[in-house]
Amino acid sequence: MKKSRTTTIIVSLLLVLALLAGLLVATYVLFTDEERVNNHLQAGNLDIELQIDSVKGNGYVDGVLEDDIDYTPANTNDKIFNSDNFFPAMYQEVTLTLLNNGSLPFDYTLEFEITKDSGLAKYIDVTVTDKDGKVLTADGATLESLTVPVKVGSMKGDEKQQQFKVRVEFDSSVTEVAAGASIDFDILVVATQAGANA
């Protein structure tokens, strides 16, 4: 009899504990609430494209020196500055548009990389102007002297395009350059993501 009485007490205690546990769970459920906020993060991107708007300059037409000649290449893969008859005082100026196909703000610079030079680099003056017409290169800057990038501008993430100009001009005071000298150079546009405050 003792066994059955002990078993009854143990079963009764277990039932009471189960009821208490049930009450605690029910009370917790009655006094809890939750809110869910869905989130989504996607990394932005930096994607630029360079568009040639126009290339203007001076040159000889039928033996007469004329200004405002259109040198814009028919194919955008052609060289921007291209002349087999570059002479002292001749210039060409390209208007370029930088397109922002991405979503991040960035700063951009121009780098001039000489790939081949037979003596003209120090005689080719370079002028870079920003979208507001402000000259960004030092007076007398040449292809040879432009060894550091030229900071041209900044674009906000939602800004889609910005224009700037690059002008190359054969120094008009040059007389000692050998006929037939040439130069090949690249213009590299480098975009770097702007800081958090941009």
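Reading guide: rules and limits
Residues numbered from 1 in each chain as written. Predicted model: local features only at pLDDT ≥ 70, side-chain atom pairs only at ≥ 80, totals over all residues. Heavy atoms only, no water. Core = buried A, V, L, I, M, F, W, Y, C linked by side-chain atoms within 4.5 Å. Buried < 20%, exposed > 50% of the residue type's maximum accessible area, 1.4 Å probe, protein only. Helix = DSSP H or I, 4+ residues; strand = E, 2+ residues; numbered from the N terminus. Contact = heavy atoms within 4.5 Å. Pairing = 2+ DSSP bridges. Axes fitted to C-alpha atoms, helices over the stretch in contact; angles between N-to-C directions. Patch = residues over 30% accessible without salt bridge, like charges linked within 9 Å, V, L, I, M, F, W, Y side chains within 5 Å. Areas by Shrake-Rupley, 256 points an atom, 1.4 Å probe, with all protein chains shown as cover. Salt bridge = Lys/Arg side-chain N within 4 Å of Asp/Glu carboxyl O.

Enquirer: Describe the nonpolar core, with residues and values.
Expert: By size, the foremost hydrophobic cluster in this structure holds 30 residues, and its most contacted members are F112, F164 and V166. Of all the secondary-structure elements, those providing two or more residues to this core are β1 (48-61), β3 (91-100), β4 (106-117), β5 (124-129), β6 (150-155), β7 (161-170) and β8 (183-193). Each residue touching V166, except ones within four places of it in the same chain, is listed here: F81, Q92, E93, V94, L96, L110, F112, V126, T127, V128 and I187.

Enquirer: Could you give an account of the sheet that holds β6, with specific residues and numbers?
Expert: Here three strands make up an open sheet; going across it, the order is β6-β4-β8 and the pairing antiparallel. Looking at strand neighbours, the two that pair on one side only are β6 and β8, the edges of this open sheet. For this sheet, the mean angle separating the axes of adjacent strands, direction not counted, is 25 degrees.

Enquirer: Which residues make up the environment of E144, and what values do they have?
Expert: Within the secondary structure, E144 is located in the loop between β5 and β6. Each C-alpha atom, one on E144 and one on F81, is 16 Å from the other, the two residues being 63 residues apart in sequence. Not counting residues up to four positions away in its chain, the partners in contact with E144 are I114, A121 and K122.

Enquirer: Would you mind going over a nonpolar patch on the surface in detail, with residue names and values included?
Expert: On the surface, I10, L14, V16, L17, L20 and L23 cluster together into a nonpolar patch covering about 590 Å² of accessible area. With relative accessibility at 52%, the residue L17 sits in the exposed group.

Enquirer: Report on the sheet that holds β1, specifying residues and quantitative values.
Expert: The strand order across the open sheet formed by five strands is β2-β1-β3-β7-β5, and the pairing between neighbours is antiparallel. Of all the strands in the sheet, the pair left with one neighbour each is β2 (64-70) and β5. On average, adjacent strands in this sheet sit at an angle of 15 degrees to one another, irrespective of strand direction. Judged from the nine bridges that link them, β1 and β3 form a sheet pairing that is antiparallel. Bridge pairing in β3 places I52 opposite L96.

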